[in-house]
Amino acid sequence: MAGSAEARRTVCPYCGVGCGLLAEIAADGRVMLRGDPDHPANFGRLCSKGSALAETIGLEGRLLHPQIDGRRASWDDALDLVASTFSRTVAEHGPDSAAFYVSGQLLTEDYYVANKLMKGFIGSANIDTNSRLCMASAVAGHRRAFGADIVPGTYEDLELADLIVLVGSNLAWCHPVLYQRIAAAKQKRPEMRVVLVDPRRTMTADIADLHIPIRADGDTFLFAGLLAWIADHDALDRPYIAAHTTGFHAALSAARSADLDEIAARACLSVDELAAFYALFARTAKVVTVYSQGVNQSRAGTDKVNAIINCHLATGRIGKPGMGPFSVTGQPNAMGGREVGGLANMLAAHMEIEEPAHRDRVRRFWRSPVIAERPGLKAVDMFRAVADGRIKAIWIMATNPVDSLPDAASVEAALKACPFVVVSDVQAKTDTMRCAHVGLPAANWGEKNGTFTNSERRISRQRPFLPLPGEVRPDWQIICDVGKRMGFASAFSYATPAEIFAEHAALSAFENEGTRGFDIGAFAEIDAVQFDRMQPVQWPQPEAGSPENTRFFADGRFFTPDGKGRFIAVVPAAETRTCKEYPFVLNTGRVRDHWHTMTRTGKSPRLSQHLAEPFVEIHPADAALHGIGDADIVQISTANHAILVRAMLTTRQVVGSVFAPIHWTDQFAASARVAVLVAGVVDPHSGQPASKTSAVRVERFAAARYGFAVLREEPSRIEAEYWALAKCVAGWRVELAFAQADRDWPAFAAQLFRRTVDTDVLAYHDLRAGQQRFASFDCDRLAGALFLDSKPVAVSRNWAVDQLSAEFSKQGSRLAVVAGRPGRGLADRGAIVCSCFGIGANQIAAAVAAGYASLEAIGRKLQAGTNCGSCRAEINGIIDTQRLHAAE
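Summarised in this report is the structure supplied together with it. Remember, predicted model here, so these are calculated numbers, not experimental data.

## Some details on the overall build of the protein
Assigned secondary structure in the protein consists of 29 helices and 34 strands. Counting only C-alpha atoms and orienting by the principal axes, one finds that the protein spans roughly 80 × 70 × 55 Å. Within the protein, buried positions represent 62% of all 888 residues. Summarising the internal contacts of the protein: among those between residues at least 6 apart in sequence, 71% fall at separations of at least 24. By element, 50% of the accessible surface of the protein is carried by carbon and sulfur atoms, the whole surface being about 31500 Å². Here the protein carries 95 positive and 97 negative side-chain charges, and the mean point of each set is 2 Å from the other.

## Considerations on the nonpolar core
Residues Phe86, Phe100 and Trp395 are the most contacted members of the largest nonpolar core, which totals 121 residues. A total of nine residues in this core trace back to one element, the largest contributor, which is helix α8 (residues 219-232). Residue contacts for Trp395: discarding those within four places in its chain leaves Val82, Phe86, Ala99, Phe100, Tyr101, Val422, Ser424, Leu440, Ile478, Ile479 and Val482. In terms of nonpolar packing, the next biggest core, distinct from the first, is built from 51 residues, Leu33, Leu158, Leu171 and Val328 among them.

## Some remarks on the sheet that holds strand β18 (residues 458-462)
What the three strands build is an open sheet, ordered β17-β18-β19; its pairing is antiparallel. This sheet does not close on itself; its edge strands, each paired only once, are β17 (450-453) and β19 (537-538). With four bridges connecting them, β17 and β18 associate as antiparallel partners. By the bridge assignment, Gly450 is partnered in β18 with Gln462.

## Some details on the side chain of Arg797
Secondary-structure assignment places Arg797 in helix α25 (residues 797-803). For Arg797, the side chain forms a polar contact with the main-chain oxygen of Val795, separated by 2.9 Å. Among residues more than four places away in sequence, those in contact with Arg797 are Arg646, Phe708, Arg733 and Glu735.

## Focus: the layout of surface pockets
Roughly 1400 Å³ of internal volume is contained in the second largest pocket. At the level of elements, β22 (615-618), β24 (642-649), β29 (731-738), α25, β33 (832-834) and α29 (872-887) are the ones that each hand at least two residues to the lining of the second largest pocket. Looking at which element gives the most residues to the lining of the second largest pocket, the answer is α29, with six residues. Considering only residue class, the lining of the second largest pocket consists of 21 nonpolar, twelve polar and eleven charged.

## A closer look at the packing of helix α17 (residues 379-388) against helix α19 (residues 408-417)
Any two packed helices are characterised by the angle at which their axes cross and by the distance between the axes. Look at α17 against α19: their axes get within 8 Å of each other, and the N-to-C directions meet at 45°. As far as their axial angle goes, α19 and α17 are oblique. α17 and α19 meet at a crossing whose hand is left-handed. Contacts between α17 and α19 involve Phe383, Val386 and Ala387 on the former and, on the latter, Val411, Ala414 and Leu415. For the contact of α17 with α19, a count of residues per class yields six nonpolar, no polar and no charged.

## Here's the deal with the pairing of strand β32 (residues 781-789)
Taken across its nine residues, β32 has eight buried, putting it largely inside the fold. Bridge count for strand β27 (residues 705-711) against β32 is six bridges, and the pairing is antiparallel. Within the sheet, the bridge partner assigned to Tyr706 lies in β32 and is Asp789.

## Digging into empty space enclosed by the protein
Within the structure shown, the criterion is met by three cavities of 30 Å³ or more. Of the pockets and cavities examined, the largest cavity occupies roughly 70 Å³. The wall of the largest cavity is formed by Cys12, Tyr14, Cys15, Val17, Gly18, Cys19, Cys47, Pro176 and Val177. Looking at the lining of the largest cavity, its residues break down into eight nonpolar, one polar and no charged.

## Remarks on the pairing of strand β25 (residues 657-661)
In terms of burial, β25 is a largely internal element, five of the five residues being buried. Of the two faces of β25, the one holding Ser657, Phe659 and Pro661 and the one holding Val658 and Ala660 are both buried throughout. In this structure, strand β21 (residues 584-589) lies alongside β25, joined through five bridges in parallel fashion. Counted as the bridge partner of Gly589 is Pro661 from β25.

Conventions adopted
Every chain is numbered independently, its residues counted from 1 as its sequence is written. Local features in this predicted model are restricted to residues of pLDDT 70 or higher, and side-chain atom pairs are both shown and tallied only at a pLDDT of 80 or more, whereas totals for entire chains, interfaces and linings draw on every residue. The basis for the side-chain values is all heavy atoms of the structure; hydrogens and waters are excluded. Helix and strand definitions follow DSSP, with helices as H or I runs of at least four residues and strands as E runs of at least two, each counted in order from the N terminus. Buried, partly exposed and exposed residues are distinguished by accessible area as a fraction of the type maximum, computed with a 1.4 Å probe on protein chains only: under 20%, between the cut-offs, and over 50%, respectively. Contacts: residue pairs with any heavy atoms within 4.5 Å of one another. Only the protein chains shown count as cover for residues, with accessible areas throughout obtained via the Shrake-Rupley method and a probe of 1.4 Å. Charge counting treats Lys and Arg as positive and Asp and Glu as negative, with His and both chain ends excluded. Taken as the charge centre is NZ of Lys, CZ of Arg, CG of Asp or CD of Glu, depending on the residue. Residue types Ala, Val, Leu, Ile, Met, Phe, Trp, Tyr and Cys, when buried and joined through side-chain atoms within 4.5 Å, form a set referred to as a nonpolar core. Here, strands pair whenever DSSP counts at least two bridges between them. N or O atoms closer than or at 3.5 Å make up a polar contact, with two conditions inside protein: a donor-capable atom paired with an acceptor-capable one, and, for residues adjacent in sequence, both atoms drawn from side chains. With a 1 Å grid laid over protein atoms only, a set of points is called a cavity when a 1.4 Å probe fits there but cannot get out and a pocket when it is open yet has protein on both sides within 12 Å along at least five of seven lines; lining residues have an atom within 4 Å of a point. Grid points are joined across faces, edges and corners, and a volume is the space filled by probe spheres set on the points. Asp, Glu, Lys and Arg are counted as charged, while Ala, Val, Leu, Ile, Met, Phe, Trp, Tyr, Cys and Pro are counted as nonpolar; the rest, among them Gly, fall into the polar class. Lines fitted to C-alpha atoms define the axes here, with helix axes fitted over just the stretch in contact, and angles between the N-to-C directions of these axes take values from 0 to 180 degrees. Here the word oblique covers every angle except those under 35 degrees (roughly parallel), over 145 (roughly antiparallel) and from 65 to 115 (roughly perpendicular). By definition, turning the near helix anticlockwise from the far helix through less than a right angle yields a left-handed crossing, and turning it clockwise yields a right-handed one.

Spelled out as structure tokens, the structure:
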């Protein structure tokens with residue numbers, strides 16, 4: 001495909017927005033990507049991660065060949081071992097001794113055959129997905145209220161609403177294109193109102209008219225109170241309630257258990273401010289409530305979802321333009337996984353595993369020898385079963401549970417003790433792959449061929465534009481090859497992913513007759529040519545010519561046995577999780593430019609510069625109380641585990657709570673796997689872990705030396721109590737901290753630079769100030785520079801990174817590196833704000849001081865904020881700060 005002038009339409013592999021992309025390969029082999037202006041999810045918009053995808057598709061670090069016990073093997077040997085071991089395990093210990101743990105990053109076709117093999121041919125429902133960690137509570141809430149897992153609305157509703165309530169959702173960083181669509185709509189209609197409900201004042205607050213800094217898990221109080229307010233202020237849609245719902249009076253009675261004073265205290269608002277929010281919701285007809293991980297990742301996540309849905313059912317604001325509850329998913333194909341039954345408690349095509357008629361229907365359709373008769377083990381329980389020996393063979397696909405599941409240290413220990421672990425992945429080195437007996441090289445984004453379904457139920461094609469490298473195979477093919485070797489050849493003899501998609505579509509329509517909302521029967525006869533030409537389409541699509549865009553439930557017809565929507569009685573409950581020894585609530589989540597465990601974004605120099613090391617946000621008052629300074633290294637600990645991260649003092653964080661991102665693994669940091677701190681507490685209905693409310697202690701780490709280094713080559717090892725490694729344009733950057741000051745620092749520098757000790761090195765020593773600097777050169781290029789100090793190193797990171805790309809033919813320019821600052825007349829960009837154009841905070845501040853004092857003016861001057869827009873909130877923050885300084 002090299003040199004092709006025709007753009008290949010595909011879809012982004014990151015969050016659940018499902019943005020369309022156009023991929024082209026230039027004559028020199030470079031991949032060029034841009035947003036697809038015709039895709040209805042993004043209309044050409046992209047976020048910083050999507051814009052940088054071309055930096056993540058290289059073969060560096062790829063798993064290109066099968067491995068058995070860490071050694072290269074043939075596909076035949078690897079597949080025979082996987083098939084024979086799973087077959088023998090099932091024969092000796094029963095079907096529930098085997099398990100698959102899959103991922104929302106699999107294509108629907110991959111998901112479909114994995115679910116079919118486990119539930120219909122092995123005969124167990126022990127297949128669960130990392131989507132359990134992000135949207136299982138939304139699924140459970142939908143099924144309780146609607147009788148089916150259905151998102152009622154569309155993205156268009158975000159632009160048509162007069163009020164958007166964002167609950168536990170940092171859209172600006174986690175779903176940036178939806179944030180951009182809302183921001184654009186608000187700019188066109190300034191009367192549109194946005195309310196943010198979040199313990200942190202995130203970057204999403206930049207477009208919010210009201211921020212409700214609710215305490216952890218206070219959402220059920222907030223929305224129970226809202227339901228009572230709606231009832232008490234004559235804002236109910238009584239005809240809709242009477243004709244189309246059940247359970248209203250029980251739900252209202254439960255909602256009245258909390259009074260306004262208690263709710264206001266939990267919302268950190270005055271009673272008047274709380275009443276103003278309730279009144280705004282009550283009087284505004286077009287309301288969309290968007291919720292994400294802050295709602296779902298809770299021991300009461302399902303109740304939170306139903307508390308929100310109750311308010312929309314009570315007002316009849318559901319399924320109509322600009323109205324409805326809206327769950328936004330965290331992964332690109334979490335919705336596709338739900339469609340095929342990729343969760344342990346679901347059957348394919350939204351059928352229910354507990355229903356005998358549904359089990360019989362799926363078994364007949366598949367012509368399978370067995371069918372799972374009861375729900376399998378959900379993610380947390382699945383790995384507990386690995387630990388206690390009930391599960392003896394597990395296949396992990398496209399996910400990294402050693403870093404992402406709660407109680408992650410126990411997960412790693414369980415896998416290391418498990419008799420047989422198979423891992424399919426694109427990367428050769430992950431924290432989970434090191435536990436594998438068999439490693440299988442799977443196709444990456446750009447090589448895969450199939451479909452994703454986004455948060456608004458829109459199915460899009462992911463098309464390949466790169467060849468499969470090495471011996472890499474698509475996941476669906478690997479699964480089918482194993483299925484054939486297990487004796488099920490006739491059921492897994494697909495030639496193309498189009499055949500799998502057609503079967504998936506046919507099953508959705510099989511004996512449906514309108515009883516199930518998920519129906520894409522229009523594609524049951526699709527062939528490979530039609531599959532390749534398939535355009536983005538929103539389900540349901542029961543037949544050709546079905547409406548292109550659809551909403552559910554405006555007509556009052558639900559998928560419950562009586563056809564009515566169900567109010568759920570949600571009793572707000574308060575739980576004390578902190579104590580004197582562990583006084584902080586740990587909130588976890590994502591940052592703007594990284595995603596999951598960095599197996600993809602960690603390869604991008606551009607994405608690794610914005611926030612280049614693990615950190616914890618802590619309020620300055622809490623930091624002062626515990627003797628923590630800005631940029632100190634701190635230890636976050638529970639009774640059993642601890643991590644080391646950088647302290648970031650900010651008033652965006654509320655007192656008593658801290659925030660740490662989930663991304664850093666043992667591949668990128670010494671000790672920063674946040675999931676080791678998260679207890680395995682789950683929601684009783686959904687099984688989703690409570691990842692945002694662990695009780696922790698935060699203490700200053702007594703670092704005797706701090707360090708920062710830039711390196712041309714990736715270091716082979718780093719001997720430091722704290723280190724964090726990040727890719728940059730011409731090499732690597734490393735943050736360091738050491739418990740001891742007394743060390744052979746020249747030898748350490750040589751090891752870090754991957755040079756011999758006697759290599760010519762420029763050095764600077766100021767023992768009184770506790771500062772040392774080393775720089776090594778290879779011809780006219782910098783091989784590495786190390787800066788050491790008794791306090792956090794003050795050298796500009798991005799200036800230092802730029803030196804890796806500079807030429808050093810003159811001694812004077814080399815001395816500037818050791819001096820640790822730009823030479824005369826040279827500027828320092830400062831910390832990167834705009835990843836798309838590499839614009840730093842110092843550049844933006846200087847432009848503001850020069851009179852470019854608006855977002856638009858900064859865009860004209862520097863281009864910052866004009867591409868993906870993810871940095872606009874930060875640019876506004878710099879503009880506001882500069883205005884305050886100017887007014888002093």
